[in-house]
Amino acid sequence: MDSLEENVKRVIDRVGRAAEESGRSPEDVLLVAASKMNGADRVVRAREAGITAFGENRVQEMEEKLSAGAYDGARLHFIGHLQRNKVKNVVGRVELIESVDSPELISMIGRRACESGITQSVLIEVNIGGEESKSGVEPGKLSELLELAGKTEGILVKGLMAIPPASVEISQTRHYFDQMYKLFVDMRAKKYDNIIMQFLSMGMSADFEEAIRSGANIVRVGTAIFGARHYS
Ligand SMILES: *Cc1c(COP(=O)(O)O)cnc(C)c1O
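On a predicted model such as this, the values are computed, not experimentally measured, just so you know.

Caption draft 1: Local environment of the site of the ligand. Close to the ligand lie Ala-34, Lys-36, Asn-57, Ile-79, Ile-163, Met-204, Ser-205, Arg-220, Val-221, Gly-222, Thr-223 and Arg-229. Taking Ser-205, its side chain carries an N or O atom lying 2.5 Å from an oxygen atom of the ligand. Taking Arg-229, its side chain carries an N or O atom lying 2.8 Å from an oxygen atom of the ligand. Burial of the ligand by the protein chains amounts to 88% of its free accessible area of 380 Å². Each residue belonging to the shell around the ligand can be placed in one class, and the counts come to 5 nonpolar, 4 polar and 3 charged.

Caption draft 2: Fine view of the side chain of Asp-101. As for its placement among the helices and strands, Asp-101 is situated in the loop between strand E4 (96–100) and helix H5 (103–116). No salt bridge is formed by the buried Asp-101; its nearest oppositely charged neighbour, Arg-84, is found at 7.7 Å. Among the polar contacts listed, one links the side chain of Asp-101 to the backbone nitrogen of Gly-136, at a separation of 2.9 Å. If we skip the residues at most four places from it in the chain, Asp-101 touches Glu-125, Ser-135, Gly-136, Val-137 and Leu-145.

Caption draft 3: Examining the pattern of salt bridges more closely. The full count for this structure, using the stated rule, is 17 salt bridges. Taking the shortest distance from any N to any O, the salt bridge between Glu-210 and Arg-213 comes out at 3.2 Å. You can see Glu-210 and its partner Arg-213 sitting in helix H8 (residues 208–213), 3 residues apart, about one turn around the helix. Residue classification places Arg-213 among the partly exposed positions, given a relative accessible area of 35%. If you follow the salt bridges from partner to partner, you end up with Glu-21, Arg-174, Asp-178, Glu-210 and Arg-213 in one network.

Caption draft 4: Inspection of helix H6 (residues 142–151) at higher detail. Residues Leu-142, Ser-143, Leu-145, Leu-146, Ala-149 and Gly-150 constitute the buried set of H6. End-on, the buried residues of H6 take up no more than an arc of 160 degrees, which puts them together on one face. Summarising the geometry of H6, the exposed residues directed more than 90 degrees from the buried face are Glu-144 and Lys-151. Where the residues of H6 are buried, they touch H5, strand E5 (120–126), strand E6 (155–162), helix H7 (170–190) and strand E7 (195–201).

Caption draft 5: Quick peek at the environment of Gly-50. In this fold, Gly-50 is placed in the loop between helix H2 (40–48) and strand E2 (53–56). Taking the relative accessible area as the measure of exposure, Gly-50 reaches 34% and is therefore partly exposed. Taking the C-alpha atoms as reference points, Gly-50 and Lys-36, 14 residues apart in sequence, are found 18 Å from one another. What Gly-50 contacts, discounting residues up to four positions off in sequence, is Val-8 and Ile-12.

Caption draft 6: Representation of helix H3 (residues 59–67) within the structure. By the burial criterion, the buried members of H3 are Val-59, Glu-61, Met-62 and Lys-65. Along the axis of H3, the buried residues cluster in a sector spanning 160 degrees; they form a single face. Those residues of H3 that are exposed and angled more than 90 degrees off the buried face are Gln-60 and Ser-67. Buried-residue contacts for H3 involve H2, E2, strand E3 (75–78) and helix H4 (87–90). Downstream of H3 by one or two residues, Gly-69 has phi in the positive range, about 75 degrees.

Caption draft 7: Layout of the pairing of E2. The alternating pattern of E2 places Ala-53 and Gly-55 and Phe-54 and Glu-56 on opposite faces, both of which are buried. Once the chain exits strand E1 (residues 30–34) it traverses H2 before rejoining the sheet at E2, and the crossover so formed is right-handed. Taken together, the 4 bridges between E2 and E3 define a ladder with parallel strand orientation. Bridge pairing in E3 places Glu-56 opposite Phe-78. Remark: the E2/H3/E3 crossover connection has right-handed handedness.

Caption draft 8: Up close: the nonpolar core. Counting residues in each nonpolar core, the largest one holds 64 residues, and the members touching the most others are Phe-54, Ile-97, Ile-124 and Ile-225. If near-sequence neighbours (up to four positions away) are discounted, Ile-97 is found in contact with Phe-78, Leu-82, Val-90, Val-91, Ile-109, Gln-120, Ser-121, Val-122 and Leu-123. Judged by nonpolar contacts, the second largest core, of 8 residues, contains Leu-30, Val-32, Leu-123 and Phe-199.

What counts and how
- Here, residues in each chain are numbered from 1, in the same order as that chain's written sequence.
- Local features in this predicted model are restricted to residues of pLDDT 70 or higher, and side-chain atom pairs are both shown and tallied only at a pLDDT of 80 or more, whereas totals for entire chains, interfaces and linings draw on every residue.
- Computation of side-chain values: all heavy atoms of the structure, hydrogens and water removed.
- Any residue with a heavy atom lying within 4 Å of a molecule or strand is counted as near it.
- Distance and chemistry together define a polar contact, namely a pair of N or O atoms within 3.5 Å, with one atom able to donate a hydrogen and the other to accept it when in protein, and with adjacent residues in sequence counting only for side-chain atoms on both sides.
- Computed with a 1.4 Å probe, the accessible areas rest on the Shrake-Rupley method; for each residue, only the protein chains presented here act as cover.
- Charged residues are taken to be Asp, Glu, Lys and Arg, nonpolar residues to be Ala, Val, Leu, Ile, Met, Phe, Trp, Tyr, Cys and Pro, and polar residues to be all remaining types, Gly included.
- The way it works is that DSSP assigns letters per residue, a run of H or I at least four long becomes a helix, a run of E at least two long becomes a strand, and they are numbered from the N terminus.
- We call a residue buried when its accessible area falls under 20% of the maximum for its residue type, exposed when it is over 50%, and partly exposed in between, using a 1.4 Å probe and counting protein chains only.
- When charges are counted, Lys and Arg contribute as positive and Asp and Glu as negative, whereas His and the chain ends are disregarded.
- Counted as salt bridges are all cases of a side-chain nitrogen of Lys or Arg within 4 Å of a carboxyl oxygen of Asp or Glu.
- Any pair of residues with heavy atoms lying within 4.5 Å of one another is described as a contacting pair.
- Think of the arc as the fan of directions from the helix axis to the C-beta atoms.
- For the handedness criterion, the strands are oriented away from the viewer, and a crossover whose path from the first strand over the helix to the second runs clockwise is classed as right-handed.
- When DSSP finds two or more bridges between a pair of strands, those strands are recorded as paired.
- We call a set of buried residues a nonpolar core when its members are Ala, Val, Leu, Ile, Met, Phe, Trp, Tyr or Cys and they connect through side-chain atoms within 4.5 Å of each other.

See below:
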C-alpha cells in the first residue's frame, strides 16, 4: 500500500515532537521534503497532505516539476550538487540553494543574481566528515569562504548545511551533528558582514530527530515520506 499521505502526517508529527523535546516549537524547524525521483503527481500529493517545502537535487528534474506547477504555493530549495553550467537555471527560481561550497560557485551565483536584479539566499555546505568523495567545504576553510561570500554582491548566506558520513552507529552521526552545531554557533559569534547565521540544515530520514536535538532547524527528508527510491 502506498501510504504517502500517512507518511507525511507521521514525519510532520515526529519533527514537531523532536523540536519540543529540544525546547523549541514545531514551527521553529522547517521540514523540507527531498523529492528527487518522485514525479509532479507525488509532489502535489505530498503538498496536499501538508508538506510546505521541497528540496530537489537535479536541475532538469526540478524544471520539469516547476513547469507542471507541482510546487505551487510551497517553498523550493536546491539541495544537490550544483554544476556551474546549471547556475543560471537555479538562481532566482529557488528560495534557498543549500549546497554552495566553493569560491567559483559563490561568484557565479552572485553574478547571475546581479544580472537578474535579485539577491539569492544560500547555505554553505560543510564536509563535516572530511570525506574525500563528498561535496562541501572543509571546516578549516569555512571562515575564508564566508568572508568571500559576505563581499559578493547578489548573494546572501543564511547558514550552513551538512551531510555527515553514512554510519550505522547513531552515536557517531550524533557526534558529527554536534560538531556542526558548534561550528554554526562559532560562525554566528564572529558576526561576519552580510552573513546571517539563521539556518542549520542537517538530518535525513534515518536521523532527523537526532539532528533536531543537536540544533538543526532545517531537515531534509526523502525516504520516510516518499518511500524507497528505485534507481535503475
Ligand atoms: C536525497 C537527499 C536527502 C533525503 O535523503 P533520505 O535518506 O531519503 O531522507 C537529503 N538531503 C540530500 C542532499 C539528498 O540528496
